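Structural overview
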Amino acid sequence: MIRAGVVGASGIAGGELIRLITQHPDMELTFLGGSSHIGRRPAELHPGLRLDLGLTVEPVTEDVADRVDVLYLATPAPVSADLAALLADRGPVLVDLSGAFRIRTPELHDRWYPKVERRPDLADRFVYGVPELIREQLTDAALISLPGCYATAITLGLAPLTLGLGLNLHTVVVDGKSGSSGGGLQLRTADLHPFRSGAISPYSPTGHRHAAEVGDFLGRSKPGRVGSLTMSAYGVSHVRGLMTSSYVFTDDAVDQRELQRAYVRFYKGHRFVRVRRHTETLIPVPDPQAVLASNFCDVTVLHDAEGGRIVVLAALDNIVKGAAGQALQVTNLRFGLPEETGLTMQPVMPA
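The following refers to the structure shown. Quick caveat: nothing in here was measured; it's all calculated off a predicted structure.

Quick look at helix H7 (residues 149-164)
For H7, with 16 residues, the first-to-last C-alpha span of 22 Å sits near the 22 Å given by 1.5 Å per residue. Considering bend angle alone, the principal kink of H7 is centred on Leu 158 and spans about 45°; proline Pro 160 follows within four residues of it. Across the 16 residues of H7, 14 count as buried, placing the element largely inside the fold.

What follows is the structure, encoded as structure tokens:
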């Protein structure tokens, strides 16, 4: 049985981790950590979890390393950086859900995370990337940095073009739309219901740090290459779910049939990426509502011959495949379990 701990237990991702860990047949929740809700039980913090686990939120100290085999850091990036420095050499596998170690290049990290000071040697020790693309690196990884929710969708969407077909993408423009849960529980005026309900809010129209981490990761990957990758991000009135539309420009000749075959071939055997045709269901897909509460990412590729571009659409539940579910997925691979263990739930629709 894998002993698991969650730091940041009161947050949205922390609550989802608790929910999924308690349903995992090979995991036992043995520690809950935090700072602002010391002594509180999970059922007090998360109304949907009426669980008596015999655990309350505790401060995080060095001795937590003796109580867990894997510790999830569902904490703000500065906190994750501090905890990694404290615990990285003490034994448990650390899975960080924050952005503290996502961007390896120091200059790029400082640009997008100027307030996150991290121990210099740790950046190169963290394994980064979606599990479908770095499976072999996870078998003995001690430090794992999960991609952001947008970054997961973008990377899964682009990987068959760069890593599969080896295309050189000279320009990629990403349009991202996410539900309110992507902003966590921090109180901001723009997130209040009178302003958020029914809104399409351009909260990051000229760049997003998740796009920076995708560029950093794919820039170190072969054989394909990505030149300019930019993103605009919008908040929509959903709670869960996100959608990325990547508009790809390349000088390499492709057609719809070749693209479709390449995506199916690339993700063959990868249970959690569903390559879909745009018109295969009663509603056009991908659509975030078709993946809610699941660990699936739905991907569709389209060739816009008239516009001279490739359009890649990707949808996922930002709290599951974009956070807690992906955290368990990498844990399964790290500890030699079948990838889908504890993650076989189907989407909830309508939701």
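A closer look at the packing of H7 against helix H9 (residues 209-219)
One way to put it is that H7 packs onto H9 with a least axis distance of 9 Å and a crossing angle of 35°. The handedness of the crossing between H7 and H9 comes out as right-handed. Together, Cys 149, Tyr 150, Ala 151, Ile 154, Thr 155, Leu 158 and Thr 162 of H7 and His 210, Glu 213, Val 214, Phe 217 and Leu 218 of H9 make up the contact between the two elements.

Quick word on the state of the cysteines
In the structure shown here, the tally under the stated rule is zero disulfides. Cys 297 supplies the cysteine sulfur nearest to Cys 149, a cysteine that is in no disulfide, at a spacing of 11 Å.

Re the nonpolar core
With 75 residues, the main nonpolar core has Leu 17, Ile 21, Tyr 72, Val 95, Leu 158, Leu 161 and Ile 310 as its most contacted residues. The contact partners of Leu 161, leaving out residues within four places of it in the chain, are Gly 166, Leu 167, Leu 169, Val 248, Leu 259, Tyr 263, Ile 310 and Val 312. Counting residues in each nonpolar core, the second largest holds 22 residues, with Val 64, Ala 84, Ala 88 and Ala 212 among its members.

Considering helix H11 (residues 320-334)
Between its terminal C-alpha atoms H11 stretches only 18 Å, short of the 21 Å expected from 15 residues at 1.5 Å a residue. The largest bend along H11 measures about 50° and falls at Gln 326. Counting buried positions over the 15 residues of H11 gives 14, a clear majority of the element. Just beyond H11, the residue with positive phi is Gly 336, at close to 75°.

Calculation notes
- Residues numbered from 1 in each chain as written.
- Predicted model: local features only at pLDDT ≥ 70, side-chain atom pairs only at ≥ 80, totals over all residues.
- Heavy atoms only, no water.
- Helix = DSSP H or I, 4+ residues; strand = E, 2+ residues; numbered from the N terminus.
- Expected span 1.5 Å × (residues − 1).
- Bend = angle between axes of the 7 residues up to and from the residue.
- Buried < 20%, exposed > 50% of the residue type's maximum accessible area, 1.4 Å probe, protein only.
- Axes fitted to C-alpha atoms, helices over the stretch in contact; angles between N-to-C directions.
- Left-handed = near helix turned anticlockwise from the far one by under 90°.
- Contact = heavy atoms within 4.5 Å.
- Disulfide = S-S within 2.5 Å.
- Core = buried A, V, L, I, M, F, W, Y, C linked by side-chain atoms within 4.5 Å.

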